[in-house]
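Close look at the chain arrangement
Given next are the chains, with one letter for each unit.
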Amino acid sequence: MTLQRWRWIPNALTFLRILLIIPFAWALLEGNYRQSLLIFFLAAATDALDGFLARQFNWRSRLGAIADPLADKALLITAYLMLTITGIIPLWLFALVLGRDLVIVGGALMYHYGVGRFEMEPSIPGKINTFIQILVALAIIILMADLPIQPWVMDVGIWLVALSAIFSGCHYILIWGARAWRAKRS
């Protein structure tokens, strides 16, 4: 029996992570923050495991390359949406986080249909923004779960997310705008 028979496992873990979004959102909506933390860490574990398996055994697929980052983004956007709906974080922050992602996706589609095919690679500012968003969402959920964390983390975190979203969004616009301009000129 070859290892290639098991190459479906990373994609299955990605789809499990997508399914975990529902109980995660429900737990946040209900104010069950400890349960939402457990689900979040379970989702993070499936993300780490599917990435490890895909790299270790070369079980990469086009589906996985698309579904994995979408699953991560969906979980993160869900966290910010539920924290906004429950009044924990301000609406403007959710609008900024979602707006940044929509601008990037819209720009990618414009580039694809107006200039040509491209491979979207995350930028360093984009990776930093995602890392900050994850840390801040976790810190806020930990705070809401009455676990030990300083209350000032929420206010500082909100501004860190806002600043990094603006910076990384502008960075993507400048980089891909310049690439589109150069491609159109040649």
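Structure's up top.
Just so it is clear, the model here is predicted, and its values are computed rather than measured.

1. Here we look at the layout of surface pockets
Space inside the largest pocket adds up to approximately 1600 Å³. Together, 37 residues line the largest pocket, and Ile 66, Pro 69, Leu 70, Lys 73 and Met 120 are the ones closest to its centre. Here the lining of the largest pocket takes 11 residues from helix H3 (residues 62-85), the largest share from any one element. Of the residues contributing to the lining of the largest pocket, the split by class is 22 nonpolar, 3 polar and 12 charged.

2. Here's the deal with the nonpolar core
Counting 35 residues, the largest nonpolar core has Phe 24, Leu 28, Tyr 80 and Ile 89 as its most contacted members. Setting aside residues no more than four positions away along its own chain, Leu 28 makes contact with Tyr 33, Ser 36, Ala 79, Met 82, Leu 83, Thr 86 and Ile 141. Counting residues in hydrophobic clusters, the runner-up holds 7 residues, among them Ile 104, Tyr 111, Trp 176 and Ala 180.

3. Topic: the environment of Val 161
Position of Val 161 among the secondary structure elements: in helix H6 (residues 152-185). Between the C-alpha atoms of Val 161 and Ile 128, which are 33 residues apart in sequence, the distance is 9.9 Å. In this structure, Val 161 is in contact with Tyr 80, Leu 93, Val 97, Asn 129, Ile 132, Gln 133 and Val 136, ignoring residues within four places of it in sequence.

4. Some details on the side chain of Arg 17
Within the fold, Arg 17 resides in helix H1 (residues 9-30). A polar contact is formed between the side chain of Arg 17 and the side chain of Asp 50, at a distance of 2.8 Å. Apart from the residues lying within four places of it in its own chain, the contact partners of Arg 17 are Ala 43, Thr 46, Asp 47, Asp 50, Asp 68, Ala 71 and Asp 72.

5. As for the packing of helix H4 (residues 91-114) against H6
With their axes 10 Å apart at the nearest point, H4 and H6 run at an angle of 10° to one another. On the basis of their axis angle, the class for H4 and H6 is roughly parallel. Split by residue class, the contact of H4 with H6 holds 18 nonpolar, 3 polar and 3 charged.

6. Let's talk about the pattern of salt bridges
Within this structure, the stated rule accounts for 6 salt bridges. Salt-bridge contacts for Asp 101 lead to Lys 73; the nearest nitrogen and oxygen are separated by 3.4 Å. Separated by 28 residues along the polypeptide, Asp 101 in helix H4 and Lys 73 in helix H3 bring together distant segments of the chain. Owing to a relative accessible area of 22%, Lys 73 belongs among the partly exposed residues under this scheme. Through salt bridges with shared partners, a single ionic network connects Arg 17, Asp 47, Asp 50, Asp 68 and Asp 72.

7. Here's the deal with unusual backbone geometry
The general pattern is negative phi for most residues beyond glycine and trans for most peptide bonds. Backbone geometry at Asn 58 places phi at a positive 55°, although glycine is not the residue there. Of note in the backbone geometry, Asp 146 takes a positive phi value of approximately 60° without being a glycine. For Asp 146, the position within the fold is in the loop between helix H5 (124-144) and H6. A residue is classified by how much of its surface remains accessible, and Asp 146, at 68% relative accessible area, is exposed.

8. Section: H5
Helix length check: H5 (21 residues) gives 30 Å between terminal C-alpha atoms against 30 Å at 1.5 Å per residue, within 8%. Those residues of H5 that fall on the buried side of the exposure criterion are Pro 125, Gly 126, Asn 129, Ile 132, Gln 133, Val 136, Ala 137, Leu 138, Ala 139, Ile 140, Ile 141 and Leu 143. As for H5, its buried residues are in contact with H1, helix H2 (33-56), H3, H4 and H6. Its side-chain oxygen placed 3.0 Å from the backbone nitrogen of Gly 126, Ser 123 serves as the N-cap of H5.

9. Concerning H6
Its 34 residues place the ends of H6 49 Å apart at the C-alpha level, agreeing with the 50 Å of an ideal helix rising 1.5 Å per residue. Those residues of H6 not exposed but buried are Met 154, Gly 157, Ile 158, Val 161, Ala 162, Ser 164, Ala 165, Ser 168, Gly 169, Tyr 172, Trp 176 and Ala 180. In this structure, the buried side of H6 is in contact with H3, H4 and H5.

Definitions and limits used
- Residues numbered from 1 in each chain as written.
- Predicted model: local features only at pLDDT ≥ 70, side-chain atom pairs only at ≥ 80, totals over all residues.
- Heavy atoms only, no water.
- 1 Å grid on protein atoms, 1.4 Å probe; cavity = no way out; pocket = protein on both sides within 12 Å on 5 of 7 lines; lining within 4 Å.
- Points joined across faces, edges and corners; volume = space filled by probe spheres on them.
- Helix = DSSP H or I, 4+ residues; strand = E, 2+ residues; numbered from the N terminus.
- Nonpolar A, V, L, I, M, F, W, Y, C, P; charged D, E, K, R; others polar.
- Core = buried A, V, L, I, M, F, W, Y, C linked by side-chain atoms within 4.5 Å.
- Buried < 20%, exposed > 50% of the residue type's maximum accessible area, 1.4 Å probe, protein only.
- Contact = heavy atoms within 4.5 Å.
- Polar contact = N/O pair within 3.5 Å; in protein donor to acceptor, adjacent residues only side chain to side chain.
- Axes fitted to C-alpha atoms, helices over the stretch in contact; angles between N-to-C directions.
- Parallel < 35°, antiparallel > 145°, perpendicular 65-115°, else oblique.
- Salt bridge = Lys/Arg side-chain N within 4 Å of Asp/Glu carboxyl O.
- Expected span 1.5 Å × (residues − 1).

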